[in-house]
Amino acid sequence: MRFRVERNEFTDAVSWTARTLPQRPTGQLQVLSGLMLGTTDDGVRLSAFDYEVAAEATVPAAMADTGSALVPGRLLAEITRALPAAPIDVEADANRLVLTCGSTRFTLPLLPVEDYPDLPAMPDEVGRIEGAAFAAAVSQVVVAAGRDETLPVLTAVRIEIAGERLILAATDRYRLAVREMPWRPLEAAASAAALIPSRTLNETAKALGAAGAEVVIALGGGFAGESLAGFAGGARRTTTRLVEGQFPDYRRLLPASCPLEAFIDGATLAEAVKRVRLVAAGTSPVRMQLSAGEVVLEAGSQQEAQAREALPIDYDGPDLTVAFNHGYLLDGLSAVESDMVRVGFASADDPQESARKPVILQGKVGDGAETDYRYLLMPVRLPE
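A quick note: this is a predicted structure, and the numbers were derived from the prediction, not measured. (Residues numbered from 1 in each chain as written. Predicted model: local features only at pLDDT ≥ 70, side-chain atom pairs only at ≥ 80, totals over all residues. Heavy atoms only, no water.)

1. Re the nonpolar core
The nonpolar side chains of soluble globular proteins are, as a tendency, buried together.
Reasoning step 1: Core analysis: the largest hydrophobic core is formed by 59 residues, its most contacted members being Phe10, Leu97, Leu99, Phe134, Leu166 and Phe231.
Reasoning step 2: Here this core gets 6 residues from one element, more than from any other, and that element is helix H3 (residues 131-142).
Reasoning step 3: Residue contacts for Leu99: discarding those within four places in its chain leaves Phe10, Leu76, Ile79, Leu83, Ile88, Asp89, Val90, Thr104, Arg105 and Phe106.
Reasoning step 4: Counting 39 residues, the second-largest nonpolar core is a separate cluster that includes Ala177, Leu297, Val343 and Phe345. (Core = buried A, V, L, I, M, F, W, Y, C linked by side-chain atoms within 4.5 Å. Buried < 20%, exposed > 50% of the residue type's maximum accessible area, 1.4 Å probe, protein only. Helix = DSSP H or I, 4+ residues; strand = E, 2+ residues; numbered from the N terminus. Contact = heavy atoms within 4.5 Å.)

2. What to know about helix H1 (residues 7-18)
Reasoning step 1: Between its first and last C-alpha atoms H1 spans 16 Å; for 12 residues at 1.5 Å apiece the expected length is 16 Å, and the two agree.
Reasoning step 2: Within H1 the residues assigned to the buried category are Arg7, Phe10, Thr11, Ala13, Val14, Trp16, Thr17 and Ala18. (Expected span 1.5 Å × (residues − 1).)

3. Remarks on the sheet that holds strand S5 (residues 62-65)
Reasoning step 1: Read from one edge of the open sheet, 5 strands run S5-S1-S7-S8-S9, paired in antiparallel fashion. Bordering the open sheet on either side are S5 and strand S9 (104-109), each of which pairs with just one other strand. Sheet twist, expressed as the average angle between the axes of neighbouring strands with direction ignored, equals 15°.
Reasoning step 2: Looking at chain direction, strand S7 (residues 88-92) and strand S8 (residues 96-101) are connected through 5 bridges and run antiparallel. Its bridge partner lying in S8, Ala92 is registered against Leu97.
Reasoning step 3: In the packing of H1 onto the sheet, the strands contacted are strand S1 (2-5), S7 and S8, and the crossing angle to S1 comes to about 105°.
Reasoning step 4: In the packing of helix H2 (residues 73-82) onto the sheet, the strands contacted are S8 and S9, and the crossing angle to S9 comes to about 175°. (Pairing = 2+ DSSP bridges. Axes fitted to C-alpha atoms, helices over the stretch in contact; angles between N-to-C directions.)

4. Here's the deal with the packing of H3 against helix H4 (residues 198-210)
Reasoning step 1: Between H3 and H4, the least distance of the axes is 8 Å, while the angle of their chain directions is 150°. Between H3 and H4, the interaxial angle falls into the category roughly antiparallel. Like other packed secondary-structure pairs, H3 and H4 cross with a definite hand, here left-handed. Taking contact as the criterion, the partners of Gly131, Ala132, Phe134, Ala135, Val138, Ser139 and Val142 in H3 are, on H4, Ser198, Leu201, Asn202, Ala205, Lys206 and Gly209.
Reasoning step 2: Within the contact of H3 with H4, the residues separate by chemical class into 7 nonpolar, 5 polar and 1 charged. (Parallel < 35°, antiparallel > 145°, perpendicular 65-115°, else oblique. Left-handed = near helix turned anticlockwise from the far one by under 90°. Nonpolar A, V, L, I, M, F, W, Y, C, P; charged D, E, K, R; others polar.)

5. Focus: the side chain of Asn325
Reasoning step 1: In this fold, Asn325 is placed in the loop between strand S23 (320-324) and helix H6 (326-335).
Reasoning step 2: Asn325 sits in the buried class, given a relative accessible area of 16%.
Reasoning step 3: For Asn325, the side chain forms a polar contact with the main-chain nitrogen of Tyr328, separated by 3.0 Å. (Polar contact = N/O pair within 3.5 Å; in protein donor to acceptor, adjacent residues only side chain to side chain.)

6. So, the pattern of salt bridges
Reasoning step 1: Counted under the stated rule, the structure contains 20 salt bridges.
Reasoning step 2: Measuring nitrogen to oxygen at the nearest pair gives 2.8 Å for the salt bridge that ties Arg128 to Glu125.
Reasoning step 3: When its relative accessible area of 33% is taken as the criterion, Arg128 is described as partly exposed.
Reasoning step 4: The exposure class assigned to Glu125 is partly exposed, which follows from its relative accessible area of 27%.
Reasoning step 5: Between Arg165 and Glu180 there is a salt bridge, with its nearest N and O atoms 3.7 Å apart. (Salt bridge = Lys/Arg side-chain N within 4 Å of Asp/Glu carboxyl O.)

And the structure:
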């Protein structure tokens, strides 16, 4: 196998596929540490697979000889990032791969190609969406996904297809993020749902969105008897096994209405939260005291350091004190895509009840319209 590729294109493709490589493969799985390079009619295809996620990227190449080679993936990624700005010549025989870029030359040992597993086929396409919009929506939702691997369902993002609406949802039991957006399904009455590992979905959406390509979403498959999701854009694609289990019925968590609401500049509130939380030990909450025209943020205790900051707010309801995990609150404020944030409370009559029930953060756009993103946050119960 011999070919020449452009340095930047090849480096990007290696980085895209290398992110899928397992961290510490051992024994018979050592072969999974390799990146598969194979020549095709379209150029050179790079592949990686860890039996959960597969990634492929194709780059144009001037081909001198066809073939395939399995190269230590993380080492190749480090090398390509360090190469000078010049075309890369790659040549491989049965045992070694030689990479030459300008006056720089690397020789790498090869892994046995015959031991590498077949990659799963791409599932059937169900629709398409603009890549940058999809990446932005995924980033808004994954902030609420769980990190506890013993509860795999909560580490996933639920993708729901409802005709021409695509709905993304994630929750870790303490907060919930939901984003709805239009998309182009292959079938107008399409209906389906799948649980995608949040980390895989986020990394994939970011990479495909940055490429500026339209993203193809695919569901189905049947690799090793398990269902798959697939995402493709431009010359890149990835597949992942779905997370099994029952996702919480998140719709019943969303209040039917928010009769009590306040409006505040999101960036200003976020900066104030960052300041007062400096005295909040560990996960100690930040308290918000709302009164007509003003919100006061407080953190700390009388026995320790304390912080207080007052901000103007568009609010004319009863005096209300509510507390939040400051990290969760900042996640929600950073995910809301408009300057003005609407804070919705489920009860307008009983301030104590409002302080116990979930709060909805939502962006506000022109003419008072609300965005298609909702961030539900459970308050921290304060001592009576």
